[in-house]
Amino acid sequence: MDRRDFLKTLAAAGALVSVKTSGMMDVMASTVPSAGNAAASDTADLAAIMNGEPAAMLEAAMKELGGIGRFVKKGDKIVIKPNIGWDRTPELAGNTNPDLITALIKMCQEAGAAEIKVFDHTCDNWSRCYDHSGIEAAVKKAGATMVYAHEQSSYQQVDIPNGKTLKSAQVHKAIIECDKWINVPVLKNHGGALMTCAMKNHMGIVWDRRAFHSRGLHQCIADICTYKPAVLHIVDAYRTVATNGPQGRSASDVVLTKALFASTDIVAVDTAAGKFFTQINKSINFDDIEHIPDGQKLGLGTMNLESINVKRVRL
């Protein structure tokens, strides 16, 4: 594909991408429709931020979404749920960027949160994941509480009445007991689900993830998202594991994409991030990421980005 055809492809797909080349040059285009394609308002339904550091992109996203005070009130008990599944350092992008978690904790504190807990049910050894991801140190330094999730006693059986396949699950008590929670996944490749993002990150709130794989991974991902929805979804796409996910094999699997997506609509944010991701890894067809339309069918949100107010900001 020559340069002209490549740019036409990006324009047609509506994708914002930082493409890894020998010179690590960034090629930027829009991921999602602009606000002009929906009824414009001061408050965005979805914010797509580009070309900044994690804290700066979070600040820009919150400005477009109406401020952290829209989601966190004084006295709230808040849970922040990043992806900490793998024994990987931040540079390898297997987990949510710790700088983003630090910035979000500070915002919640400024909004008056009475309590902030952070956890994930890891895939690799929990202590190594919490340590090597940099998230445990970031959480403690920021003055929040790191919660552990490696013992079954930390979970409680709950009903999922709106699930199509998954009708009950053991969910971490931190999610059950909090006033509100914020979902902060890292965008990356995944062998089974093809892409892991906001919806897929819910697998880290349950004890028995194996049931998802045996009963239909995509539908179970959508089903668990119907239980106590997060008030906000913030997708870390600062670095992206483009291939060999979900943990990546080496730095060669990682692309410096410098993006962040945020929305109250989990289907919309996964749609925007998914279209972004499938321009990074062109071997994956967006239409094959089945849990996103499954979520729309369950009424979790919309895949029609033209119908919502999207704000794009390049820092």
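Below: a short report on this structure. (Residues numbered from 1 in each chain as written. Predicted model: local features only at pLDDT ≥ 70, side-chain atom pairs only at ≥ 80, totals over all residues. Heavy atoms only, no water.)

### Observations concerning helix 5 (residues 135–142)
In an α-helix, one turn spans 3.6 residues, which is why side chains three or four residues apart end up on the same side. Every buried residue of helix 5 is accounted for by Ile135, Glu136, Ala138, Val139 and Ala142. With its buried residues spanning 165° around the axis, helix 5 presents them on a single face. Away from its buried face by more than 90 degrees, helix 5 exposes Ala137, Lys140 and Lys141. Against the buried residues of helix 5 lie strand 2 (77–82), helix 3 (98–110), strand 3 (115–118), helix 4 (126–132) and strand 4 (145–146). Residue glycine 143 follows helix 5 closely and has a positive phi angle near 90°. (Buried < 20%, exposed > 50% of the residue type's maximum accessible area, 1.4 Å probe, protein only. Helix = DSSP H or I, 4+ residues; strand = E, 2+ residues; numbered from the N terminus. Arc of directions from axis to C-beta. Contact = heavy atoms within 4.5 Å.)

### Focus: the packing of helix 2 (residues 54–65) against helix 3
Two elements in contact, helix 2 and helix 3, have axes separated by 8 Å at closest approach and are oriented at 45°. In terms of orientation, helix 2 lies oblique with respect to helix 3. Here the hand of the crossing between helix 2 and helix 3 comes out right-handed. Where helix 2 abuts helix 3, its residues Pro54, Ala55, Leu58, Glu59 and Met62 lie against Asp99, Leu100, Ala103, Leu104 and Met107. (Axes fitted to C-alpha atoms, helices over the stretch in contact; angles between N-to-C directions. Parallel < 35°, antiparallel > 145°, perpendicular 65-115°, else oblique. Left-handed = near helix turned anticlockwise from the far one by under 90°.)

### Quick notes on the packing of aromatic side chains
Aromatic ring pairs: the centre-centre distance and the angle between the two ring planes describe each pair. A full pass over the atoms with the stated rule returns five aromatic pairs. Relative to tyrosine 130, the ring of tryptophan 126 has its centre 6.0 Å away and its plane inclined at 85°; by these criteria the two rings are edge-to-face. Placement of both tryptophan 126 and tyrosine 130 in helix 4 is noted, with a separation of four residues, approximately one turn of the helix. Judged by its relative accessible area of 1%, tyrosine 130 is buried. (Phe/Tyr/Trp six-rings, centres within 6.5 Å; stacked < 30°, edge-to-face > 60°.)

### What to know about the environment of phenylalanine 276
Among the secondary structure elements, phenylalanine 276 is positioned in helix 9 (residues 266–280). Taking C-alpha positions, phenylalanine 276 is 9.5 Å from alanine 237, a pair spaced 39 residues apart along the chain.

### Topic: the pattern of salt bridges
In total, this model carries eight salt bridges according to the counting rule given. Across the pair lysine 81 and aspartate 120 runs a salt bridge whose closest N-O atoms are separated by 2.8 Å. Here lysine 81, found in strand 2, pairs with aspartate 120, found in the loop between strand 3 and helix 4; they are 39 residues apart in sequence, far enough to count as distant. Residue lysine 81 is classed as buried on the basis of its relative accessible area, which comes to 0%. Salt-bridge contacts for aspartate 87 lead to arginine 128; the nearest nitrogen and oxygen are separated by 2.7 Å. One end of the pair, aspartate 87, is in the loop between strand 2 and helix 3; the other, arginine 128, is in helix 4, with 41 residues separating them in the sequence. (Salt bridge = Lys/Arg side-chain N within 4 Å of Asp/Glu carboxyl O.)

### A closer look at the packing of helix 3 against helix 5
Running from N to C, helix 3 and helix 5 point in directions that differ by 25°, and their axes come no closer than 9 Å. The angle between the axes of helix 3 and helix 5 places the two elements in the roughly parallel class. For the crossing formed where helix 3 meets helix 5, the hand is right-handed. Mapping the contact onto sequence places Pro98, Ile101, Thr102, Ile105 and Gln109 in helix 3 and Ile135, Ala138, Val139 and Ala142 in helix 5. Here the contact of helix 3 with helix 5 is composed, by residue class, of seven nonpolar, two polar and no charged. (Nonpolar A, V, L, I, M, F, W, Y, C, P; charged D, E, K, R; others polar.)

### Side note on the environment of aspartate 294
You can see aspartate 294 is positioned in helix 10 (residues 291–297). Given the relative accessible area of 14%, aspartate 294 is considered buried. Spatially, the C-alpha atoms of aspartate 294 and lysine 164 are 9.6 Å apart, while their sequence positions differ by 130 residues.

### Things to note about the nonpolar core
A general tendency of soluble globular proteins is for nonpolar side chains to be buried together. In this structure, Ile80, Ile224, Ile234 and Phe261 are the most contacted members of the largest nonpolar core, which totals 98 residues. Among the elements that make up this core, the one with the highest residue count is helix 9 (nine residues). (Core = buried A, V, L, I, M, F, W, Y, C linked by side-chain atoms within 4.5 Å.)

### Comments concerning helix 8 (residues 217–224)
Burial runs high along helix 8: eight of the eight residues are buried. Buried within helix 8 are the following residues: Leu217, His218, Gln219, Cys220, Ile221, Ala222, Asp223 and Ile224. Next to the buried residues of helix 8 lie strand 6 (168–172), helix 7 (210–215) and helix 10.

### Considering the pairing of strand 10 (residues 232–241)
Across the ten residues that make up strand 10, a large majority, nine, are buried. Pairing between strand 7 (residues 180–184) and strand 10: two bridges, direction parallel. If you follow asparagine 183 over to strand 10, its bridge partner there is histidine 233. Here strand 8 (residues 186–190) pairs with strand 10 via two bridges, running parallel. Its bridge partner being in strand 10, lysine 188 is matched across the sheet by valine 241. (Pairing = 2+ DSSP bridges.)

All quantities given are derived from atomic positions and should not be read as evidence of function.
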